[in-house]
Amino acid sequence: MKTFLSIFFSLCLLLSCKEQGKDEQQKPEVPEPGEPVAEVDWDDATLAWSDEFDGEEVDKEKWKFETGANGWGNNEWQNYTSGPNSTVSDGLLKITAKKEGAGQRVGDYTSSRMLSKETFTYGRMEVRARIPEWKGKGVWPAIWMLGDNISQVGWPDCGEIDIMEYVSYAPNEVHFTIHSKANNHMQGTQITTGPMKLETIEEEFHNYGILWTERYVKFYLDDIDNVKLTFNKPTVPTQDNWPFDKPFFFLLNIAVGGNWGGLQGVDDNIFPSTMEVDYVRVYRFE
């Protein structure tokens, strides 16, 4: 009888352990949004790709131009050209928005929209830039990233990471934002800092960057320890709420007018308006 009971309890214990192990394996490996995640030593990341803009013209091996005056989904007024609005000198890329026509209508302004030919998944992405000198309302410079599958799935399904956005009707402010199908400005559900005060944004160069892993996207300003926004991977990730596990490319541009940039009108006295970029860098782990 004792032997039977010993065997019986041993089997129960074994089954209990198996069920416990099964439960542990089924537990999600990602945290609830907002919970702390294991930190990464970003000082160990090494430079994997960059453009220091040390030449005399835009490097066509690294960048391509999108062109046209089609409103770009935001009722913008600029006509993006294939190069005249982007120059390189003194170690700086200079993207300039210009008034070319009578003004106050689509096509009367020119600018540049540059896309990196290289795509990236995870890493530290940093852009050092100076926003156009403040002269008035109407321009919308941005440093951002889009999912490379945008031509297959469209926006916002591809995902968007706004490393830096600025609208000149709100001087001395910067925005960091994430968009996806589940979280985007068309629904008012974007993940964003909202406007953050940065008194020297128009006068000085600043480092705008993200720390991007398979578990989070963090936005920082000037220093990697100065994190302003953290978006953790949802507990149940889907293509709708976490499209950030696929390749993304950089975009550098200045828009004129549009649903956001032109919300308070466009002052034609602000042109030409130039954003200067010192470098674009990507750090990865070997």
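Criteria and cut-off values
Residues numbered from 1 in each chain as written. Predicted model: local features only at pLDDT ≥ 70, side-chain atom pairs only at ≥ 80, totals over all residues. Heavy atoms only, no water. Phe/Tyr/Trp six-rings, centres within 6.5 Å; stacked < 30°, edge-to-face > 60°. Helix = DSSP H or I, 4+ residues; strand = E, 2+ residues; numbered from the N terminus. Lys NZ or Arg CZ within 6 Å of the ring centre and 35° of its normal. Core = buried A, V, L, I, M, F, W, Y, C linked by side-chain atoms within 4.5 Å. Buried < 20%, exposed > 50% of the residue type's maximum accessible area, 1.4 Å probe, protein only. 1 Å grid on protein atoms, 1.4 Å probe; cavity = no way out; pocket = protein on both sides within 12 Å on 5 of 7 lines; lining within 4 Å. Points joined across faces, edges and corners; volume = space filled by probe spheres on them. Nonpolar A, V, L, I, M, F, W, Y, C, P; charged D, E, K, R; others polar. Pairing = 2+ DSSP bridges.

A. Seen up close, the packing of aromatic side chains. Summed over the entire model, instances satisfying the criterion amount to 17 aromatic pairs. Look at tryptophan 212 and phenylalanine 248: their rings are 5.3 Å apart centre to centre, the planes differ by 80°, and that puts the pair in the edge-to-face class. Remark: phenylalanine 248 occurs in strand β17 (residues 248–256) and tryptophan 212 occurs in strand β14 (residues 206–212); sequence separation between them is 36 residues. Taking NZ or CZ as reference, arginine 124 lies 4.6 Å from the ring centre of tyrosine 283, over its face.

B. Structural detail: the nonpolar core. Counting 51 residues, the largest nonpolar core has Met145, Tyr208 and Phe250 as the members making the most contacts within it. Here this core takes five residues from β17, the largest share from any one element.

C. Expanded view of empty space enclosed by the protein. The full count for this structure, using the stated rule, is one cavity of 30 Å³ or more. In this structure, the largest cavity encloses a volume near 40 Å³. Along its surface, the largest cavity is lined by Pro132, Glu133, Trp134, Lys135, Gly136, Val139, Tyr166, Ser168, Ile270 and Ser273. Taken together, the residues of the lining of the largest cavity break down into five nonpolar, three polar and two charged.

D. Spotlight on the layout of surface pockets. Put simply, the largest pocket is a space of about 740 Å³. Secondary structure elements with two or more residues in the lining of the largest pocket: β7 (113–116), β9 (139–147), β10 (160–165), β11 (173–179) and β17. Split into classes, the residues belonging to the lining of the largest pocket amount to 15 nonpolar, 13 polar and nine charged.

E. Summary view of the pairing of strand β16 (residues 227–232). With five bridges joining them, strand β15 (residues 216–221) and β16 adopt antiparallel strand pairing. Note that in β16 the partner of lysine 218 across the bridge is threonine 230.

F. Quick peek at unusual backbone geometry. Of the consecutive residues tryptophan 155 and proline 156, the connecting peptide bond is found in the cis state with omega at 10°. Looking at where proline 156 falls in the secondary structure, it is placed in the loop between α2 (150–153) and β10. Of note, the amide linkage connecting phenylalanine 271 to proline 272 takes the cis form, showing an omega dihedral of 0°. Take proline 272: it is sitting in the loop between β17 and β18 (273–284). With phi around 75°, aspartate 222 is a residue other than glycine that occupies positive phi space.

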